[in-house]
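Single-letter residue listing:
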Amino acid sequence: MDLSKLPEPVNLDTIANNLADAVFLVDREMEVVWMNKIAEEFFHISMQKAKGNKLAELTAITKLEDLLNEVFEQQTALKTSYEEASVKVKRHDQRYFFKIAINPVFHEEKLWGALVQFTDVTRFHEMEKIKTDFVSIVSHEFRTPLTTIIVGVEMLKEGMLGDLTPRGKEVLEAIGSDCERLNRLIDNLMELSRIESGTIYVEAEPTDVNDLVQEAVRPLRIQSEQQGVELITDLPPELPPVAADFNKAVWVLANLVGNAMRYTDKGGTITVQVRQRGKRLFFSVQDTGSGIPKEHQDKIFRKYVQVSGPGRKGTGGVGLGLAIAKDIVMAHGGEIWVDSEVGEGTTFTFTFPVYQGNESVTLPNAEQEGG
Ligand SMILES: Nc1ncnc2c1ncn2[C@@H]1O[C@H](COP(=O)(O)OP(=O)(O)OP(=O)(O)O)[C@@H](O)[C@H]1O
Ligand SMILES: [Mg+2]
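Residues numbered from 1 in each chain as written. Chains lettered and ligands numbered in written order. Predicted model: local features only at pLDDT ≥ 70, side-chain atom pairs only at ≥ 80, totals over all residues. Heavy atoms only, no water.

Once that is clear, we can look at the site of ligand 1. Among the 23 residues in the neighbourhood of ligand 1, the closest are listed as Asn259, Arg262, Asp287, Gln306 and Leu320. Tyrosine 263 places a side-chain nitrogen or oxygen 3.2 Å from an oxygen atom of ligand 1. Contacts to ligand 1 include leucine 322, whose backbone N or O atom sits 2.8 Å from an oxygen atom. At the level of elements, helix H7 (166–196), helix H9 (246–262), helix H10 (321–331) and strand S13 (345–353) are the ones that each hand at least two residues to the shell around ligand 1. (Near = heavy atom within 4 Å. Polar contact = N/O pair within 3.5 Å; in protein donor to acceptor, adjacent residues only side chain to side chain. Helix = DSSP H or I, 4+ residues; strand = E, 2+ residues; numbered from the N terminus.)

As structure tokens, this is what we get:
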């Protein structure tokens, strides 16, 4: 569409000033060249005053500098995650959440600057919070009656309340294992809502890698024997300690091994390996199981995503394990990814930093002040 042919009295200003988003145009120095009315109103500054000032300083959103640098380097639209590209801004005692979009601007095929756009996602954030709180309360409320049921089932199974028929025992076994499943699900939901509410901190302490691996693998040894799957740990001697929250790190590793166990048949092998590369330790869990199709490999780290397909047994989970694992690993400043070939097997790898001294990290989606 040719914008110079807009019907009178509409022109480009009309469009720019009637957008719902605050928009800035910056040059290569990241200095403001132009802004729309919404931007003037929201950031409470006139275009005259704003011109020639660095956008990051003007808005007090320091991370804009890194985000702009990224766009200028890549010369493509900003591609970071939602967490990285969103920001909390306080104004008149009110909190706003913005999603930041940045697009490079070219002039005669050369990078000239960028358009920075702030979309108000406050309402969306509030909904998320309501959902998180709800999940947290409900899972908590489920816990108490479930514990009573589990104890009751145990007492019945052990014959403390009299003899059972063989059929009765079978039914009880089934109830018992379903209770375990529910228990695990509740655990995961509670962990997830703690992470999402951004209220928990990861206390990164010097953690012995051997202890960590043994603690994660121990509960799964019996299962691997019953299932006829070999479980190998491969750790070089004298690894430095990692900076990690012990229980959370164990949780991540145990979940990956648990997954591997689910998708590996009799005769298969699961190898837990740790290697050091520079200031990071690489933990990998390799299995010889069913593998994950390429098209699903990005998605499995999202909440409630499970891959279905031939040869996949009913797994009993709900698809939260990897989403939580990713949050925990990222909170430690690490990364997690998957390599997999269908029919050959899967390797999940995550990194933790080598312990360097006193430090504690906040979760990535913990609330951030704008600047
Ligand atoms: N080692 C593996 N081999 C094959 N597929 C896997 C493996 N690990 C994960 N997957 C696939 O990724 C999906 C997501 O895993 P995730 O751990 O998040 O959920 P889950 O194990 O199904 O349930 P939950 O962890 O909540 O009990 C799984 O449902 C499965 O389809
Ligand atoms: Mg899982």
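After presenting the structure, the write-up continues.
Another point: the domain arrangement of the protein chain. Partitioning the protein chain into domains gives domain 1 (3–120), domain 2 (125–196) and domain 3 (201–362). For domain 1 and domain 3, the distance between their C-alpha centroids amounts to 40 Å. (Domains from an automatic or database assignment.)

The end-to-end C-alpha separation of H9 is 24 Å, in line with the 24 Å expected for 17 residues at 1.5 Å each. Buried within H9 we find Lys248, Ala249, Val250, Trp251, Val252, Leu253, Leu256, Val257, Asn259, Ala260 and Met261. (Expected span 1.5 Å × (residues − 1). Buried < 20%, exposed > 50% of the residue type's maximum accessible area, 1.4 Å probe, protein only.)

Position of threonine 233 among the secondary structure elements: in strand S8 (residues 230–234). Exposure remark for threonine 233: the relative accessible area of 27% places this residue in the partly exposed category. Residue contacts for threonine 233: discarding those within four places in its chain leaves Val213, Gln214, Val217, Arg221 and Val272. (Contact = heavy atoms within 4.5 Å.)

Position of serine 139 among the secondary structure elements: in helix H6 (residues 122–157). Among the residues examined, serine 139 registers a relative accessible area of 1% and is labelled buried. There is a polar contact of 2.6 Å between the side chain of serine 139 and the backbone oxygen of valine 135. Contacts of serine 139, omitting those with residues within four sequence positions, involve Ile186, Leu189 and Met190.

It is worth spelling out the sheet that holds strand S11 (residues 280–287) at this point. Strand order across the open sheet formed by 5 strands is S8-S10-S11-S13-S12, with mixed pairing between neighbours. The open sheet has two edge strands, S8 and strand S12 (336–341), and neither has a second partner. The mean inter-strand angle of the sheet, taken between neighbouring strand axes irrespective of direction, is 15°. (Pairing = 2+ DSSP bridges. Axes fitted to C-alpha atoms, helices over the stretch in contact; angles between N-to-C directions.)

This brings us to the side chain of threonine 122. Among the structural elements, threonine 122 can be located in helix H6. For threonine 122, a relative accessible area of 12% puts it in the buried group. Every residue in contact with threonine 122, bar those within four places of it in the chain, is listed here: Arg95, Tyr96 and Phe97.

Attention shifts here to the nonpolar core. Of all hydrophobic cores here, the largest spans 45 residues; its most connected members are Phe283 and Phe350. In terms of residues, this core owes the most to one element, H9, which gives 9 residues. Structurally, this core is a two-domain feature, drawing no fewer than three residues from each of domain 2 (125–196) and domain 3 (201–362). In this structure, phenylalanine 350 is in contact with Val252, Leu253, Leu256, Leu281, Phe282, Phe283, Val329, Glu335 and Ile336, ignoring residues within four places of it in sequence. Residues Met35, Ala50, Leu67 and Val116 belong to the second largest nonpolar core, which totals 31 residues. (Core = buried A, V, L, I, M, F, W, Y, C linked by side-chain atoms within 4.5 Å.)

This part covers the sheet that holds strand S2 (residues 32–35). Read across the sheet, 5 strands follow the order S2-S1-S5-S4-S3 without closing on themselves; strand pairing throughout is antiparallel. Each edge of the open sheet carries a strand with a single partner, namely S2 and strand S3 (86–91). Neighbour to neighbour, the strand axes of the sheet diverge by 30° on average, direction disregarded. Note that S3 and strand S4 (residues 94–107) share 6 bridges and pair antiparallel. Across the sheet, residue valine 87 finds its bridge partner in S4, namely phenylalanine 98.

Per the stated rule, a full pass over the model turns up 13 aromatic pairs. A ring pair is formed by phenylalanine 24 and phenylalanine 118, whose centres lie 5.9 Å apart and whose planes are at 80°; its orientation type is edge-to-face. Of this pair, phenylalanine 24 sits in strand S1 (residues 22–27) while phenylalanine 118 is found in strand S5 (residues 110–120), placing the two residues 94 residues apart along the sequence. Residue phenylalanine 24 shares its accessibility class with phenylalanine 118, and that shared class is buried. Centroid distance phenylalanine 98 to phenylalanine 118: 5.9 Å. Interplanar angle 80°. Geometry classified as edge-to-face. Pair noted here: phenylalanine 98 is in strand S4 and phenylalanine 118 is in strand S5, with a separation of 20 residues, a long-range link. Note on phenylalanine 118: relative accessible area 1%, which makes it buried. (Phe/Tyr/Trp six-rings, centres within 6.5 Å; stacked < 30°, edge-to-face > 60°.)

On the surface, a nonpolar cluster with roughly 500 Å² of combined accessible area is contributed by Val151, Met155, Leu156, Met160, Leu161 and Leu164. Turning to its location among the elements, methionine 155 is positioned in helix H6. (Patch = residues over 30% accessible without salt bridge, like charges linked within 9 Å, V, L, I, M, F, W, Y side chains within 5 Å. Areas by Shrake-Rupley, 256 points an atom, 1.4 Å probe, with all protein chains shown as cover. Salt bridge = Lys/Arg side-chain N within 4 Å of Asp/Glu carboxyl O.)

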